[in-house]
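Descriptive structure summary
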Amino acid sequence: MNGETAGSAVPVCSLCSEPSAVFQKLKDRYLCGTHFTADIEQRVMDTIKTREMIAAGDRVAVALSGGKDSTALLLLLSRLLPQWPDVRLVAITIDEGISGYREETIHSAEELTRRLGIEHHCISFSELFGDSLDTILKGRETKACSICGIMRKKALAVGAGRIGATKLATGHNLDDEAQSVLMNVFRGDLPRLIRNSGMDSSGRFIPRIKPLSLISEKEIALYLMLNNAWNVLPECPYTRFALRREVRSLLSGFEYRHPGTMLHLITSKQKIERSCKGSEVSDPLKTCRGCGDPSSGEFCQVCQLRQSRNR
Ligand SMILES: [Zn+2]
Ligand SMILES: [Zn+2]
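These lines cover the structure that appears in this document, whether it is placed above or below. Just so it is clear, the structure is predicted and the values come from calculations on it, not from any experiment.

**Considerations on empty space enclosed by the protein**
Under the counting rule described, the total for this entry stands at one cavity of 30 Å³ or more. Estimates place the volume of the largest cavity at around 30 Å³. As for the largest cavity, its lining consists of Gly66, Gly67, Lys68, Thr71, Leu224, Ala229, Trp230 and Asn231. Looking at the lining of the largest cavity residue by residue, the class counts come to three nonpolar, four polar and one charged.

Written as structure tokens, this is what we have:
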């Protein structure tokens, strides 16, 4: 069934006779828009089920930046969650205070939640940390992504706690996850490599879930286009400083020449995770001496940042 129809340049879907929208290299098949959408939704559902991400009675907070990944995540969960009994969806947007960038994405987040009829909360760095990211970063822009990442994580945890969420869902996709694996390997940071999943919280913070972790960036883009949710937004001005950017271009080249590379990285990580369980690399969490939050060291990363600013 694969291949082109006579007289037409567009190959047809391997599951029906509609023109195809995509070719899935790993499965060696063409899919039309409808079958591609169904495939994505099924795979996200499978990830949620096999990793036991959501249970009946959960109040799931989605970290909604307004960008592509979180938009797709909210859209997908709003379609999939009605199948679960008594699960509620809420969206949280963090306003880091990045001028010329955040305003537009917040607007897009507000529009989306209004359209889907989902409760939406905003929380800002200024309110939480006393300053906007732009001010906090002055003079250390090269560390922007790691500093912002640490603070966003904290802001999301506070926000999710405030609204009584039992799970915090983020839009990390396959590319993000594979990049993180590689970056942690490059840095020789084994504890961080296996701590990344955030599921093993032992009840000390709201468990984080990543339902899109097996869906690639390209697939997310196509899903949004096919479901009329595609939105062109500015890119964060700080990404030009990131190591991630280099790893990203390296990995996308590999994925193109050797399809399945990113999935294999995730599988490797999961195998390492399993064999490290209970060993000394997976140190139990301590309590931060500054704020009392769970922490891998004496002080959590946010308190370490505060101390370095006051110096
Ligand atoms: Zn089809
Ligand atoms: Zn702390």
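**Topic: a nonpolar patch on the surface**
A contiguous nonpolar patch, built from Val185, Phe186, Leu250 and Phe254 and spanning about 380 Å² of accessible area, is present on the exposed surface. Secondary-structure elements contributing two or more residues to the nonpolar patch are α7 (174-186) and α10 (243-257). Secondary-structure assignment places Val185 in helix α7. By relative accessible area, which is 48% here, Val185 ends up partly exposed.

**Quick word on unusual backbone geometry**
For Asp86, which is not a glycine, the phi torsion comes out positive at approximately 60 degrees. Following the sequence through the fold, Asp86 ends up in the loop between α2 (68-80) and β4 (88-95). Residue Asp86 is classed as exposed on the basis of its relative accessible area, which comes to 62%. The backbone of Asn228 sits at a positive phi, close to 50 degrees, despite the residue not being glycine. Looking at the secondary structure, you find Asn228 in the loop between α9 (217-226) and α10. According to the relative accessible area criterion, Asn228 is exposed, its value standing at 69%.

**Some remarks on the packing of helix α1 (residues 33-50) against α9**
Put simply, α1 and α9 touch, their axes get as near as 10 Å, and they point 125 degrees apart. Comparing their axes, α9 and α1 come out oblique. Read as a crossing pair, α1 and α9 show a hand that is left-handed. From α1, Gly33, Phe36, Thr37, Ile40, Glu41 and Arg43 reach across to α9, where they touch Glu219, Leu222, Tyr223 and Leu226. A class-by-class count of the residues in the contact of α1 with α9 yields five nonpolar, two polar and three charged.

**So, the coordination of the zinc ion (ligand 2)**
Around the zinc ion (ligand 2), the protein contributes the donor atoms Cys288 (SG), Cys291 (SG), Cys300 (SG) and Cys303 (SG), at 2.2 to 2.4 Å from the metal centre. Considering all four donor atoms around the zinc ion (ligand 2), the spread of angles at the metal, 104 to 113 degrees, places the coordination shape in the tetrahedral class. Read in sequence order, the donor residues coordinating the zinc ion (ligand 2) give the pattern C-x2-C-x8-C-x2-C. In this pair, Cys288 is assigned in the loop between β8 (286-287) and β9 (294-295) and Cys303 in helix α12 (residues 301-310), connecting sequence segments 15 residues apart. Like Cys303, Cys288 is buried.

**Re the nonpolar core**
It is characteristic of soluble globular proteins that their nonpolar side chains tend to be buried jointly. With 38 residues, the main nonpolar core has Val44, Ile54, Val60, Leu74, Leu77, Leu81 and Leu89 as its most contacted residues. Breaking this core down by element, the ones donating at least two residues are α1, β3 (59-63), α2, β4, α3 (102-116) and α9. When residues of this core are assigned to their parent elements, the largest contribution, seven residues, is made by α2. Those residues within four positions of Val44 in sequence are excluded, and the remaining contacts are Leu76, Leu80, Pro211, Leu212 and Ile215. In this structure, Ala61, Ile98, Leu137 and Cys236 belong to the second largest nonpolar core, which totals 31 residues.

**Notes on the coordination of the zinc ion (ligand 1)**
Protein ligation of the zinc ion (ligand 1) involves Cys13 (SG), Cys16 (SG), Cys32 (SG) and His35 (ND1), the donor distances falling in the range 2.0 to 2.4 Å. One way to put it: the four donor atoms around the zinc ion (ligand 1) meet at angles of 102 to 115 degrees, and that makes the site tetrahedral. Spacing between the donor residues of the zinc ion (ligand 1) along the chain follows C-x2-C-x15-C-x2-H. Of the two residues, Cys13 is situated in the segment before β1 (22-24) and Cys32 in the loop between β2 (29-31) and α1; the sequence distance between them amounts to 19 residues. With respect to class, Cys13 is no different from Cys32; both count as buried.

**Description of a positive patch on the surface**
Among the surface-exposed residues, Lys153, Arg187, Arg192, Arg195 and Arg244 lie close enough to one another that they form a single positively charged patch. Mapped onto the elements, Arg195 comes out in helix α8 (residues 190-195).

Rules and cut-offs
Each chain has its residues counted from 1, following the order in which its sequence is written. To read the labels, note that chains go from A and ligands from 1, taken in the order they are written. Only residues with pLDDT of 70 or above have their local features reported here, since the model is predicted, and side-chain atom pairs are shown and tallied only from 80 upward, although totals for entire chains, interfaces and linings are computed over all residues. Only hydrogens and water are set aside; all other atoms, that is, all heavy atoms of the structure, feed into the side-chain values. Grid points spaced at 1 Å over the protein atoms alone were grouped into cavities, where a 1.4 Å probe fits but cannot get out, and pockets, open sets with protein on both sides within 12 Å along at least five of seven lines, with lining residues defined by an atom within 4 Å of a point. Grid points are joined across faces, edges and corners, and a volume is the space filled by probe spheres set on the points. Under the convention adopted here, Pro, Cys and the residues Ala, Val, Leu, Ile, Met, Phe, Trp and Tyr are nonpolar, Asp, Glu, Lys and Arg are charged, and Gly plus all remaining residues are polar. Patch rule: a residue counts if its relative accessible area is over 30% and it has no salt bridge; like charges are joined within 9 Å, and nonpolar side chains (Val, Leu, Ile, Met, Phe, Trp, Tyr) within 5 Å. Computed by Shrake-Rupley with a 1.4 Å probe, the accessible areas treat only the displayed protein chains as cover when residues are assessed. Salt bridges are identified by distance alone: a Lys or Arg side-chain nitrogen within 4 Å of an Asp or Glu carboxyl oxygen. Helix and strand assignments follow DSSP, with helices taken as H or I runs no shorter than four residues and strands as E runs no shorter than two, numbered in order from the N terminus. For every residue, the accessible area (1.4 Å probe, protein chains only) is compared with the maximum for its type, and the residue is labelled buried under 20%, exposed over 50%, or partly exposed between those bounds. Angles run from 0 to 180 degrees between N-to-C directions of axes, and those axes are lines fitted to C-alpha atoms, restricted for helices to the stretch in contact. Just so you know how the angles are binned, under 35 degrees is roughly parallel, over 145 roughly antiparallel, 65 to 115 roughly perpendicular, and the rest oblique. In this scheme, a crossing is called left-handed if the near helix is turned counterclockwise away from the far one by less than a right angle; it is called right-handed if the turn is clockwise. Only heavy atoms enter the contact rule, under which two residues are in contact if any of them lie within 4.5 Å. Coordination shells were defined by N, O and S atoms within 2.8 Å of each metal, extended to 3.2 Å for Na, K and Ca; water is absent from the atom set, which can make sites look incomplete. In these descriptions, tetrahedral denotes four donors with every angle between 85 and 135 degrees, square planar four donors and octahedral six donors with opposite donors over 155 degrees apart and the rest between 65 and 115, and irregular any other case. The criterion is simple. A nonpolar core is a set of buried Ala, Val, Leu, Ile, Met, Phe, Trp, Tyr and Cys residues joined through side-chain atoms within 4.5 Å. Here the positive residues are Lys and Arg and the negative ones are Asp and Glu; neither His nor the chain ends is included. In plain terms, the charge of a residue is placed at NZ if it is Lys, CZ if Arg, CG if Asp and CD if Glu.

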